[in-house]
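Now for the letters of each chain:
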Amino acid sequence: MNRRASLRGGAVLLILVFGFVAGVYTDQAFPDWVPYFGHRSVSGVDLSELQQAVRLVQADYVDGNLNTTKLSHSSVQGLISGLGDPFSAYFDPEQYKRLQASYQGRYSGIGIYLSFTAGYPVISGTVPGSPVASAGLRAGDQIVKVGDKDTKGITADQATALIQGPDGTKVTLEISRAGSIFSATLTRAEIHVPTVRSAVIANNVLYVRIYQFGADTSTELASALSNGIPGALGILLDLRGDPGGFISAADDTITQFVASGETFELRGRSGTVDRHMVGSKHLAPGIPLVVLVDANSASASEIVAGSLQVHHRAKLVGTTTFGKGSVQQDFPLSDGADIHLTVQRWYLPNGQTIDHKGLTPDVAVTLASPTDAYDVASPAAGYVKDTQLNTALSMLPG
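Here, residues in each chain are numbered from 1, in the same order as that chain's written sequence. Totals for whole chains, interfaces and linings use every residue, but because this is a predicted model, local features are given only for residues with pLDDT of at least 70 and side-chain atom pairs only at 80 or more, for both listing and counting. Think of the side-chain values as coming from all heavy atoms in the structure, minus any hydrogens and water.

Points about the packing of aromatic side chains
Okay, step 1: Centre distance within 6.5 Å is the pairing criterion for rings of Phe, Tyr and Trp, where only the six-membered ring of Trp is used; planes under 30 degrees apart are then read as stacked, over 60 as edge-to-face, and the remainder as tilted. A complete count under the given rule lists 3 aromatic pairs for this structure.
Okay, step 2: Ring centres of Tyr 207 and Tyr 374 lie 5.0 Å apart, and the angle between their planes is 80°; on these two criteria the pair is classed as edge-to-face. Of the two residues, Tyr 207 is situated in strand S14 (residues 205-210) and Tyr 374 in the loop between strand S22 (363-364) and helix H9 (387-394); the sequence distance between them amounts to 167 residues.
Okay, step 3: For the exposure calls, accessible area comes from a 1.4 Å probe over protein chains only, and a residue counts as buried if that area is under 20% of its type's maximum, exposed if over 50%, partly exposed in between. With a relative accessible area of 4%, Tyr 374 lands in the buried category.
Okay, step 4: For the pair Tyr 374 and Tyr 383, a centre-to-centre distance of 5.6 Å together with 85° between the ring planes defines the contact as edge-to-face.
Okay, step 5: We classify Tyr 383 as partly exposed; its relative accessible area is 22%. Numbering of helices and strands runs from the N terminus, with a helix taken as a DSSP run of H or I at least four residues long and a strand as a DSSP run of E at least two residues long.

Rendered as structure tokens:
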């Protein structure tokens, strides 16, 4: 029996909040399959108090019409919350169905990119032609509520569960913009968005943006490199706002730029080390490379950026990354629900962890505003204000 392991970050829902929540994912659950051998009985957890509470509620609560399903789900949710781990979570059966659909690349939502902090999630971009773009929402807007749910401190997984939903259904967002609050009701739609976009910019520099490490990222990246490398004097890999994704996609990405060695390693609580090695397909092992990162580059994107830095293959430009060094795995329950549990931690090829610390860029550069970042999906706006990108260009030939 297998379970998906994930490496997504809790920093950004690059994931278009239309439904990707998996691999946060590498953290969220995208990556390699992890063998599941069942569980031995575990002592130390006293269930007597829980059983006593259940009996008390059933016997004495004033309303005899109890929703026992909801009580059961809440009990498990409380158990996972008790871990104090922001990346371990409980998904009820409906939420888990949507999560599984996102693993398969099926999205139904509003077409929005989000950045996450301790405060409210911030829109970092919108998909052209999507419901959120048509409604006039834009980068820099804060989402204060989804329906009646306050979103302060919410994670990428939780945001996806709230915002995505069946095609044709509605969701209401409360938005904060420049000190004013307003509501927008949007109709969810099926949305297809590539995880990789590219363009040739400046003097023959291939710009490659990876929004998240999904099921198709390896193929999309290979295509972008194959089509863009001829004539390119350098490559600018943009991992800003990338929350993570499949471990396998991170492996493949590193392999495109590094000829040999270790990509990263995983360690479980037993201390066993699982070393991932560079593969055999290298489309750009020698072309000058610079990587853009920011505070919302998390998990699998940190694996890629950190490994390229450790291998001295690329310089990092931007700001310190999110610092997500753990891996989650999905454990479906008998009723169709799911426990999304942290099961491993990952380390760079030099044995270092970035957990709670992040990666330090070789060249620190901040953006005056998130809206200054170059949007390869809307290239007409250009990149004059993108100080991070322009710094990176100055480090490449051309």
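The structure having been displayed, the exposition proceeds.
Considerations on the nonpolar core
Okay, step 1: Of all hydrophobic cores here, the largest spans 40 residues; its most connected members are Ile 235, Leu 237, Val 291 and Leu 308.
Okay, step 2: Elements supplying a minimum of two residues to this core: S14, helix H6 (217-228), strand S15 (234-238), helix H7 (247-257), strand S16 (262-267), strand S18 (289-293) and helix H8 (300-310).
Okay, step 3: Residues are treated as being in contact if the distance between any of their heavy atoms lies within 4.5 Å. Discounting residues that sit within four places of it in the chain, Val 291 has contacts with Leu 237, Leu 239, Ala 305, Leu 308, Ala 314, Lys 315, Leu 316 and Val 317.
Okay, step 4: If you look at the next biggest cluster of nonpolar residues, it comprises 19 residues, including Ile 191, Val 205, Leu 292 and Ala 392. Nonpolar cores are built from buried Ala, Val, Leu, Ile, Met, Phe, Trp, Tyr and Cys residues. Side-chain atoms within 4.5 Å join them into one set.

As for the packing of H7 against H8
Okay, step 1: As a rule, the C-alpha atoms of each element are fitted with a line to give its axis, helices using only the stretch in contact, and angles between N-to-C directions run from 0 to 180 degrees. It is at 9 Å that the axes of H7 and H8 come closest, and there the two elements cross at 25°. Here H7 is positioned roughly parallel relative to H8, judged by the angle of their axes. Taken as a pair, H7 and H8 cross one another with a handedness that is right-handed. Packed against H7, whose contacting residues are Ala 250, Thr 253, Ile 254 and Phe 257, the element H8 presents Ala 300, Ile 303, Val 304, Ser 307 and Leu 308 at the interface.
Okay, step 2: Think of it as three bins: nonpolar holds Ala, Val, Leu, Ile, Met, Phe, Trp, Tyr, Cys and Pro, charged holds Asp, Glu, Lys and Arg, and polar takes everything else, Gly as well. Here the residues of the contact of H7 with H8 are counted per class, giving 7 nonpolar, 2 polar and no charged. Any angle from 65 to 115 degrees is called roughly perpendicular, while one under 35 is roughly parallel, one over 145 is roughly antiparallel, and all others are oblique. Handedness of a helix crossing follows the sense of rotation of the near helix relative to the far helix, less than a right angle counterclockwise being left-handed and clockwise being right-handed.

So, the layout of surface pockets
Okay, step 1: Cavities and pockets were defined on a 1 Å grid built from protein atoms only: a cavity is a group of points that admits a 1.4 Å probe but offers it no way out, a pocket is an open group of points flanked by protein on both sides within 12 Å along at least five of seven lines, and a lining residue is one with an atom within 4 Å of any such point. Grid points are joined across faces, edges and corners, and a volume is the space filled by probe spheres set on the points. Put simply, the second largest pocket is a space of about 890 Å³.
Okay, step 2: Around the second largest pocket, the lining comprises 35 residues; the ones closest to its centre are Ser 124, Ala 139, Pro 370, Thr 371 and Ala 373.
Okay, step 3: Counting residues per element, the ones that place at least two in the lining of the second largest pocket are strand S6 (112-115) and strand S7 (122-126).
Okay, step 4: When residues of the lining of the second largest pocket are assigned to their parent elements, the largest contribution, 5 residues, is made by S7.
Okay, step 5: A breakdown of the residues in the lining of the second largest pocket according to their chemical character gives 15 nonpolar, 13 polar and 7 charged.

A short note on the side chain of Lys 324
Okay, step 1: Take Lys 324: it is sitting in the loop between strand S19 (315-318) and strand S20 (326-332).
Okay, step 2: At a separation of 2.7 Å, a polar atom in the side chain of Lys 324 contacts the main-chain carbonyl oxygen of Ser 326. Pairs of N or O atoms are called polar contacts if they sit within 3.5 Å, as long as, within protein, a hydrogen donor faces a hydrogen acceptor (for residues adjacent in sequence, only side-chain-to-side-chain pairs).

Considerations on the packing of H6 against H7
Okay, step 1: It is at 9 Å that the axes of H6 and H7 come closest, and there the two elements cross at 20°. As the angle between them shows, H6 and H7 are arranged roughly parallel. Considering how the two elements wind past one another, H6 and H7 form a crossing that is right-handed. Each of Thr 217, Ser 218, Leu 221, Ala 222 and Leu 225 in H6 lies in contact with H7, whose residues at this interface are Ser 248, Ala 249, Asp 252, Thr 253, Gln 256 and Phe 257.
Okay, step 2: Classifying every residue of the contact of H6 with H7 by side-chain character gives 5 nonpolar, 5 polar and 1 charged.

Some remarks on the sheet that holds S15
Okay, step 1: Any two strands with at least two DSSP bridges between them are considered paired. Strand order in this open sheet of 6 strands is S13-S14-S15-S18-S19-S22, and the pairing throughout is mixed. Where the open sheet ends on each side, the last strands, each with one partner, are strand S13 (196-201) and S22.
Okay, step 2: Relative to S19, S18 runs parallel, the two sharing 4 bridges. Looking at S19, one finds that Val 293 is bridged to Gly 318.
Okay, step 3: Here H6 sits on the sheet in contact with S13, S14 and S15, set at roughly 170° to S14.

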